[in-house]
Amino acid sequence: VQLQASGGGLVQAGGSLRLSCAASGRTVSSYASGWFRQAPGKEREFVTGIGWRGGNTAYADSVKGRFTISRDNAKNTVYLQMNSLKPEDTAVYYCAAKFYLGSGVFRRSYEYDYWGQGTQVTVSS
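Note that the structure is a prediction, hence the values are computed from the model and not measured. (Residues numbered from 1 in each chain as written. Predicted model: local features only at pLDDT ≥ 70, side-chain atom pairs only at ≥ 80, totals over all residues. Heavy atoms only, no water.)

1. A few points about the pattern of salt bridges
- The full count for this structure, using the stated rule, is 4 salt bridges.
- The residue Lys-64 makes a salt bridge to Asp-61 at a minimum N-O spacing of 3.2 Å. (Salt bridge = Lys/Arg side-chain N within 4 Å of Asp/Glu carboxyl O.)

In structure tokens:
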């Protein structure tokens, strides 16, 4: 499975961005997915995750109420809608996938099998 993240960019505080993670090589309809981010000098951190059916989601407290994860299995794509962006959201955002047929959502990076290359999100104050 190859994951391609896109949609990053430069936005002012309070603005919005929508990230996409397109999968190729194998259907990801049976995969749990997640988004992580890594700011300069910091460790990679969990942002949000979604089960393979899309019914279960989880969010880091820092983004809850502002970010929304969703998926379109017909398009093999997972999305991250980011609203009310803050300068502290600035980071490289990575999408990840884990083959899993249950309804679980995964928060730890080591639990994921596949990673995208990352897309830069910069929020100016």
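Moving on from the model shown.
2. Some points on the pairing of strand E7 (residues 67-72)
- Residues Phe-67, Ile-69 and Arg-71 of E7 are buried on one face, while the alternating residues Thr-68, Ser-70 and Asp-72, pointing to the opposite face, are not.
- Pairing geometry for E7 and strand E8 (residues 77-82), over 6 bridges, is antiparallel. Note on E8: the bridge partner recorded for Phe-67 is Met-82.
- Counting the residues in the hairpin turn of E7 and E8 gives 4 residues, including Asn-76, whose phi is positive at 55°. (Buried < 20%, exposed > 50% of the residue type's maximum accessible area, 1.4 Å probe, protein only. Helix = DSSP H or I, 4+ residues; strand = E, 2+ residues; numbered from the N terminus. Pairing = 2+ DSSP bridges.)

3. Observations regarding the packing of aromatic side chains
- In this structure the tally under the stated criterion is 8 aromatic pairs.
- With a centroid separation of 6.1 Å and an interplanar angle of 65°, the aromatic rings of Tyr-112 and Trp-115 are classed as edge-to-face.
- Residue Tyr-112 is classed as buried on the basis of its relative accessible area of 6%.
- Ring pairing ties together the aromatic residues Phe-36, Phe-46, Tyr-100, Phe-106, Tyr-112 and Trp-115, which thus form one cluster.
- Over the aromatic face of Tyr-94 sits the side chain of Arg-44, whose NZ or CZ is 3.9 Å from the ring centroid. (Phe/Tyr/Trp six-rings, centres within 6.5 Å; stacked < 30°, edge-to-face > 60°. Lys NZ or Arg CZ within 6 Å of the ring centre and 35° of its normal.)

4. Details of the side chain of Thr-48
- With respect to the helices and strands, the residue Thr-48 is situated in strand E5 (residues 45-50).
- There is a polar contact of 2.8 Å between the side chain of Thr-48 and the backbone oxygen of Ala-58.
- Sequence-distant contacts of Thr-48, that is, excluding residues within four places in its chain, are made with Gly-34, Trp-35, Ala-58, Tyr-59, Ile-69 and Leu-80. (Polar contact = N/O pair within 3.5 Å; in protein donor to acceptor, adjacent residues only side chain to side chain. Contact = heavy atoms within 4.5 Å.)

5. Structural notes on unusual backbone geometry
- One non-glycine residue, Asn-76, lies in the positive phi region at around 55°.
- Tracing the sequence through the fold places Asn-76 in the loop between E7 and E8.
- A residue is classified by how much of its surface remains accessible, and Asn-76, at 18% relative accessible area, is buried.
- Unlike most non-glycine residues, Ser-84 shows phi in positive territory, near 50°.
- With respect to the element layout, Ser-84 can be found in the loop between E8 and strand E9 (91-99).

6. Looking at the state of the cysteines
- Taken as a whole and assessed by the stated rule, the structure comprises 1 disulfide.
- Across the disulfide from Cys-21 sits Cys-95; the S-S distance is 2.2 Å. Across the S-S bond of Cys-21 and Cys-95 the torsion is about 65°, and the bridge reads as right-handed. Here Cys-95 lies in strand E9 and Cys-21 lies in strand E3 (residues 17-24), a separation of 74 residues in the sequence. For the pair Cys-21 and Cys-95, one class covers both residues: buried. (Disulfide = S-S within 2.5 Å.)

7. A word on the environment of Gly-41
- Assignment of secondary structure puts Gly-41 in the loop between strand E4 (31-38) and E5.
- Residue class for Gly-41 comes out exposed when judged on its relative accessible area of 90%.
- Separated by 21 residues in sequence, Gly-41 and Ser-20 place their C-alpha atoms 25 Å apart.

Honestly, that's just the spatial picture; any functional story needs more than this.
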